[in-house]
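Spelled out, the chains give:
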Amino acid sequence: MTVGGRFVRWLAEPAAARRAALIAVLLSLPTLGNGIIADDHFLRATSLGLNPPALALATKWDLFRFFSGDPALYTRWLDLGLAPWWASPDLRVGFWRPISSALHQVDFALWPNHPVLMHSHSLAWLAALVLVAGALFRRWHTAPWAAGLATLVFAIDDGHGIPIGWLANRNALVAAVFGGLAVLAHDRWRRDGWRPGGVLSWVALTAGLLSGEIALGAWAGVLAHALAFEKGLRARLLALAPSLAVVIAWRVAYSLLGYGAHGSGLYLDPVHSPLAFASQVSQRLPLLLFAQLGGLPSDPWALVPRQAALGLVVVAAAGCAALGFGLGRLFQRDRLARFYGLWLVLAVLPGCATFPNDRLLLIASIPSAGLVAHGIGLWRQGKGVSRALALYWVVVHLVMAPLLLPVRARSIHALGEMAERALRGVPRELGGKTLVVLSAPDGLMCVQILAHGASLGHSMPDRLRCIGVTTGAVRISRPDERTLELRSEAGFFSGTLDALFRSPERAWHLGEGASTAVVSTQVIALTQSGLPAALRARFDAPLDDPGSVLVIWRGRGYQRFVPPPVGQSVEHPPTSMAEVLFGL
């Protein structure tokens, strides 16, 4: 028997799904060393009550509520520094994930100082997800080896790296498990006539939605199932009505409870901002689709300059067009391929509400893996899939993916190391003082100082002030003893992630700013593209007042800033993102 024949036989064995789950866990073992990273510190500090009461934005059972849109709370957050001065006054970013919040409480109650066990918890959800996916594929593929291949492709998908390796993103794994169970129960209800499946599907879908918004991708699977497998309008409506009612009820409660996004350019609410969402779909949909089927990660989009980001969109769109050309006839005549294709596109759409990243594709990777396995199977039979496409998928999904999964699952650790390097330059004993960050490469890296420090038990400042955000060179002058002026030819707040606190649709204006205790900030010049080119920071006390500690980002982290004499200036060089992320 040939190597290929033995591989096919191995895939067809009943234990194939369990083996795939084991392979996924083994490839993801490097995540056990990832530790507590970025948003994880916020979750930990909130869960363990380490934040000062005045800093608490969320509760231990509602960990993913960050900004509420309440003007009164905004004023308090602005004073404390949890919201930077440039944030939209109506900023709302909050996600309803009570089940995921409860699971984090298990971690922080049982092993609060042992992140290895927390990451092991995530690996258990990964194994469960692979088993659920395997059960789905066994129902849809008549050839057992094709079901085994689809399960393996799903298990080793390198795009799963961040949800596996980042504790704060475990909600995607949990939501995907419940979402997969919802589709599985729905399929048994509709195709086997198993009546309990209808109720179980709705219960599982509800649990998925209460774990993470990514579970909308599971309802996309129900919709695609109705379009592909049901016959007639009446049957389709009957199949869809109960789950649609679940989604509508969840969405109404979501809004009434104050969750959702508003005032942010990083998160869009399709219900409240349909036009803005539609405009982003044209860019984000091809990026995410080609990331899933074509193997070009969408993650770099948020890290590269905007022109390079547009270049990625063009490449992804061309790749999607090529795949569409190669699969068009197959979709027309093959119902299973059509089902997988519909589900894939519909599952990707909700992810277009935020910036492109492969972590949004966890549920979409189920139909993608099914389509890849089905396509390879048809190629082996000489039916409708070209040899070039089949071999391309073999290389991308069976050769490259298992090599990249451990790397990408571990890559989130770079964020943790970056934060640790940055905090080394921030003085530890800041009680009763105000920490002023004159310039940072990213706004979130500035405001997270509070939660990160609280999680690590540092003495936190009474207030935090973030003045400017740029990776360009900054010239800082001192016109008088209480004032600093920051100028950057590259402009401030130009990064993709800078849109978190303020939508790009909100234009900047000369004289715009905020008056807060300790320091007031004002825009005094704009670039040709309309971004702030110069900022004035006016302090309530002389700059040598011991009540304020000034730092600035330089190289790999923050450094203490010593103001120049009155009438003079200092130049700070541009910042390399490679230096920021990897300390190079």
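Up top is the structure these notes are about.
Source: prediction; values computed, not measured.

(A) Region of interest: empty space enclosed by the protein. Overall, the coordinates contain 4 cavities of 30 Å³ or more when judged by the stated rule. A volume near 80 Å³ is recorded for the largest cavity. Residue lining of the largest cavity: Leu 78, Gly 81, Ala 83, Pro 84, Trp 85, Leu 464, Arg 465, Cys 466, Ile 467, Thr 516, Val 519 and Thr 521, and that is the complete set. Of all the secondary structure elements, the ones that give two or more residues to the lining of the largest cavity are strand S5 (463-469) and strand S9 (519-526). The element best represented in the lining of the largest cavity is S5, accounting for 4 residues. Its residues assigned to classes, the lining of the largest cavity shows 8 nonpolar, 3 polar and 1 charged. Taken as a whole, the second largest cavity encloses approximately 70 Å³ of empty space. Surrounding the second largest cavity, Ser 439, Ala 440, Pro 441, Thr 470, Gly 472, Val 474, Ile 552, Trp 553, His 572, Pro 573 and Thr 575 form its lining. Contributing elements (two or more residues each) for the lining of the second largest cavity: strand S4 (434-440) and strand S11 (548-554). In terms of residue class, the lining of the second largest cavity is made up of 6 nonpolar, 5 polar and no charged.

(B) Focus on the state of the cysteines. For the structure shown, the criterion picks out 1 disulfide. Covalently, Cys 446 is tied to Cys 466 through a disulfide, its sulfur atoms 1.8 Å apart. In this structure, the disulfide formed by Cys 446 and Cys 466 twists by about -95° around the S-S bond and is classed as left-handed. Here Cys 446, found in helix H19 (residues 443-456), pairs with Cys 466, found in strand S5; they are 20 residues apart in sequence, far enough to count as distant. In this structure Cys 446 comes out as buried when scored by relative accessible area, which is 1%.

(C) Representation of the packing of helix H9 (residues 170-192) against helix H10 (residues 196-209) within the structure. Here H9 crosses H10 at 165°, and the two axes come no closer than 7 Å. When the axis of H9 is compared with that of H10, the two are roughly antiparallel. With respect to the hand of their crossing, H9 and H10 are arranged in left-handed fashion. Mapping the contact onto sequence places Ala 175, Phe 178, Leu 181, Ala 182, Ala 185, His 186 and Trp 189 in H9 and Gly 197, Gly 198, Leu 200, Ser 201, Trp 202, Ala 204, Leu 205, Ala 207 and Gly 208 in H10. Along the lines of polarity and charge, the residues of the contact of H9 with H10 split into 11 nonpolar, 5 polar and no charged.

(D) Just the layout of surface pockets, in detail. By volume, the second largest pocket is sized at about 450 Å³. Of all the secondary-structure elements, those providing two or more residues to the lining of the second largest pocket are helix H13 (274-294) and helix H14 (306-333). With 5 residues, H13 is the largest single contributor of residues to the lining of the second largest pocket.

(E) Looking closely at the environment of Val 469. Position of Val 469 relative to the elements: it lies in strand S5. In this structure the C-alpha to C-alpha distance between Val 469 and Ala 440, which are 29 residues apart in sequence, comes to 4.9 Å. Setting aside residues no more than four positions away along its own chain, Val 469 makes contact with Trp 86, Ala 440, Pro 441, Asp 442, Gly 443, Gly 491, Phe 492, Phe 493 and Asp 498.

(F) Focus on the packing of helix H18 (residues 413-423) against H19. It is the contact of H18 with H19, at a shortest axis distance of 11 Å, that shows an interaxial angle of 90°. By the angle class used here, H18 and H19 are roughly perpendicular. Contacts between H18 and H19 involve Met 418, Ala 419, Glu 420 and Leu 423 on the former and, on the latter, Met 445, Ile 449, His 452 and Leu 456. For the contact of H18 with H19, the residue count by class is 6 nonpolar, 1 polar and 1 charged.

(G) Representation of the environment of Val 580 in the model. Relative to the assigned elements, Val 580 resides in helix H20 (residues 577-582). On the accessibility criterion, Val 580 (0% relative accessible area) is buried. When the C-alpha atoms of Val 580 and Gln 381 are compared, they prove to be 50 Å apart, with 199 residues separating the residues in sequence. In contact with Val 580, not counting residues within four places along its chain, are Met 418, Arg 421, Pro 441, Met 445, Trp 553, Gly 555 and Thr 575.

(H) Layout of helix H5 (residues 98-110). Between the first and last C-alpha of H5 there are 18 Å, a value that for 13 residues agrees with the 18 Å anticipated at 1.5 Å per step. Buried residues along H5 sit in contact with helix H3 (39-47), helix H6 (115-140) and H9.

(I) Quick look at the nonpolar core. Core analysis: the biggest nonpolar cluster contains 187 residues, and Trp 343, Leu 438 and Tyr 558 have the highest contact counts within it. Looking at this core element by element, the count peaks at 13 residues for H6. Leave out the neighbours within four places in its chain, and Leu 438 touches Ile 467, Gly 468, Ile 476, Leu 484, Leu 486, Leu 550, Val 551, Ile 552 and Phe 561.

(J) Here's a closer look at the environment of Glu 485. Considering the arrangement of structural elements, one finds Glu 485 in strand S7 (residues 483-487). What makes Glu 485 buried here is its relative accessible area of 13%. Glu 485 sits 17 residues away from Arg 502 along the chain, and the two C-alpha atoms are 22 Å apart. Beyond its immediate sequence surroundings of up to four residues, Glu 485 is in contact with Arg 475, Ile 476, Ser 477, Pro 479, Ile 524, Leu 535 and Arg 536.

Rules behind the numbers
Residues numbered from 1 in each chain as written. Predicted model: local features only at pLDDT ≥ 70, side-chain atom pairs only at ≥ 80, totals over all residues. Heavy atoms only, no water. 1 Å grid on protein atoms, 1.4 Å probe; cavity = no way out; pocket = protein on both sides within 12 Å on 5 of 7 lines; lining within 4 Å. Points joined across faces, edges and corners; volume = space filled by probe spheres on them. Helix = DSSP H or I, 4+ residues; strand = E, 2+ residues; numbered from the N terminus. Nonpolar A, V, L, I, M, F, W, Y, C, P; charged D, E, K, R; others polar. Disulfide = S-S within 2.5 Å. Buried < 20%, exposed > 50% of the residue type's maximum accessible area, 1.4 Å probe, protein only. Axes fitted to C-alpha atoms, helices over the stretch in contact; angles between N-to-C directions. Parallel < 35°, antiparallel > 145°, perpendicular 65-115°, else oblique. Left-handed = near helix turned anticlockwise from the far one by under 90°. Contact = heavy atoms within 4.5 Å. Expected span 1.5 Å × (residues − 1). Core = buried A, V, L, I, M, F, W, Y, C linked by side-chain atoms within 4.5 Å.

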